[in-house]
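Listed below, chain by chain, are the residues.
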Amino acid sequence: RSRLKLDGQIDIKELEAYWTGKLAFQIMWDCYARNMPSILLGDGWYANRARRASAYVPRREKAVLLALHFNALTGGLTKKSGDYGSVFYDYRSGEHNGPRLAGLLCQRLGRALPEVKRFKRIRATSKDWTRNAFSTIRGAPGNIIALCVEPAFIDQEDHRNVFTDSGIERMSEAIVTAIQEFHNTRS
C-alpha cells in the first residue's frame, strides 16, 4: 500500500526528488548486480550532465543516459491526472538508437507496472510541448543515447502502488532489463 497521503501537507514521500532518487539508486544497484557499469549524475545543468557522462565512455562505445522524472498535476490526487508513463528520445537520434531503446523501455515498463494504463514513446524537440523533456537530454554526444523516463504520475490514483519500494524495484528491473536487451541485440 502506498504511503502517499496527499492531504495538502508536503510530505517527503510526495516529492518527485524522493522517488527519482530511490529509483536512480535502485537502477545503479541493479546495473552493478548484472556487471553493467553505472554512474549517478545528479548535479548541474542537464546539458552539462550529458557532456560529463561522455567523459566516462570511450567514443567507440555506446552508453545510455537517463533523465528520471515523475509527473504530477497540481491540486492533489485526482483521476484527471495522466494515466500513462512516457519515455522521450531526442528527435535527432537514429532509429536504431533512441526510438528503439525508448520502445523497449515502454514495453518492459508496461509489463512491470500494470497500474499504468499505457506507455508512450515520444520524440522530443525544442519546438513543441516536449521541450521540457528535450531540455533534460539535449547536449548528449553521438555515442550517448539520452532518454527522459517519466514512468508514472505521483498524483494519479491508479499509480499509487508504483510509489512504494516494490514499485521502485519493478521499475528498475524493467529499465535495466530493457537496456541490457538493447545492448545484447546490438552486438
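Worth saying up front: this structure is predicted, and the values here are computed from it rather than measured.

Cut-offs used in this document
- Residues numbered from 1 in each chain as written.
- Predicted model: local features only at pLDDT ≥ 70, side-chain atom pairs only at ≥ 80, totals over all residues.
- Heavy atoms only, no water.
- Helix = DSSP H or I, 4+ residues; strand = E, 2+ residues; numbered from the N terminus.
- Buried < 20%, exposed > 50% of the residue type's maximum accessible area, 1.4 Å probe, protein only.
- Contact = heavy atoms within 4.5 Å.
- Areas by Shrake-Rupley, 256 points an atom, 1.4 Å probe, with all protein chains shown as cover.
- pLDDT = per-residue confidence, 0-100.
- Core = buried A, V, L, I, M, F, W, Y, C linked by side-chain atoms within 4.5 Å.
- Salt bridge = Lys/Arg side-chain N within 4 Å of Asp/Glu carboxyl O.
- Phe/Tyr/Trp six-rings, centres within 6.5 Å; stacked < 30°, edge-to-face > 60°.
- Lys NZ or Arg CZ within 6 Å of the ring centre and 35° of its normal.
- Expected span 1.5 Å × (residues − 1).

Colleague: So what's going on with the overall build of the protein chain? Which residues, and what values?
Modeller: Along its length, the protein chain carries five helices and four strands. If you list the helices and strands of the protein chain from N to C, you get α-α-β-β-α-β-α-β-α. Counting over 187 residues, the protein chain shows a buried share of 48%. Nonlocal contacts in the protein chain, meaning residues at least 24 apart in sequence, comprise 76% of its contacts between residues at least 6 apart. If you sum the accessible surface of the protein chain, you get close to 10100 Å²; carbon and sulfur atoms cover 48% of it.

Colleague: Could you give me a rundown of the confidence of the model for the protein chain, with the residues and numbers involved?
Modeller: Residues with a pLDDT of 70 or more make up 87% of the protein chain, whose mean pLDDT is 85. The least confident element of the protein chain is helix H2 (residues 46-54), whose mean pLDDT is 79; the most confident is helix H3 (residues 98-112), at 97.

Colleague: Please set out the nonpolar core residue by residue, giving values where relevant.
Modeller: By size, the foremost hydrophobic cluster in this structure holds 35 residues, and its most contacted members are Leu109 and Leu147. Going through the elements one at a time, helix H1 (16-33), strand S2 (84-90), H3, strand S4 (144-150) and helix H5 (165-186) are the ones with two or more residues in this core. Broken down by element, this core gets its largest block of residues, eight residues, from H5. In contact with leucine 147, other than residues within four places in its own chain, are Leu65, Leu66, Ala67, Val87, Phe88, Tyr89, Gly98, Leu101, Ala102, Leu105 and Ile137. The next biggest cluster of nonpolar side chains, apart from the first, holds 16 residues, and it includes Leu41, Leu65, Ala67 and Ile144.

Colleague: Account for the pattern of salt bridges, with residues named and values stated.
Modeller: This structure, assessed with the given rule, holds seven salt bridges. The shortest N-O distance in the salt bridge between glutamate 173 and arginine 34 comes to 2.7 Å. Of the two residues, glutamate 173 is situated in helix H5 and arginine 34 in the loop between H1 and H2; the sequence distance between them amounts to 139 residues. Close ionic contact of aspartate 90 with arginine 92 constitutes a salt bridge, the shortest N to O distance being 2.7 Å.

Colleague: Before we move on, could you go through the side chain of arginine 49 and cite the residues and values that matter?
Modeller: Within the secondary structure, arginine 49 is located in helix H2. Look at arginine 49 and you get buried, because its relative accessible area is 18%. Contact partners of arginine 49, with chain neighbours within four places excluded, come to Leu41, Gly42, Asp43 and Gly44.

Colleague: Break down the packing of aromatic side chains for me, with residues and values.
Modeller: Tallied over the entire structure, the rule returns six aromatic pairs. With a centroid separation of 4.8 Å and an interplanar angle of 90 degrees, the aromatic rings of tyrosine 18 and tryptophan 19 are classed as edge-to-face. With a centroid separation of 5.0 Å and 75 degrees between ring planes, the pair formed by phenylalanine 70 and phenylalanine 163 is classed as edge-to-face. Of the two residues, phenylalanine 70 sits in the loop between strand S1 (63-68) and S2 while phenylalanine 163 sits in the loop between S4 and H5, which places them 93 residues apart along the sequence. Per residue, the accessibility class of phenylalanine 70 equals that of phenylalanine 163, and both read buried. Each member of the aromatic cluster is reached from another via a ring pair, and the members are Tyr18, Trp19, Phe70 and Phe163. Taking NZ or CZ as reference, lysine 120 lies 3.9 Å from the ring centre of tyrosine 84, over its face.

Colleague: A description of H1 should follow, citing residues and the corresponding values.
Modeller: In this model H1 runs 26 Å from its N-terminal to its C-terminal C-alpha over 18 residues, within 8% of the 26 Å that 1.5 Å per residue would give. Restricting attention to buried positions, one finds in H1 the residues Trp19, Thr20, Leu23, Ala24, Ile27, Met28, Asp30 and Cys31. Downstream of H1 by a residue or two, asparagine 35 has a phi angle that is positive, lying close to 65 degrees.

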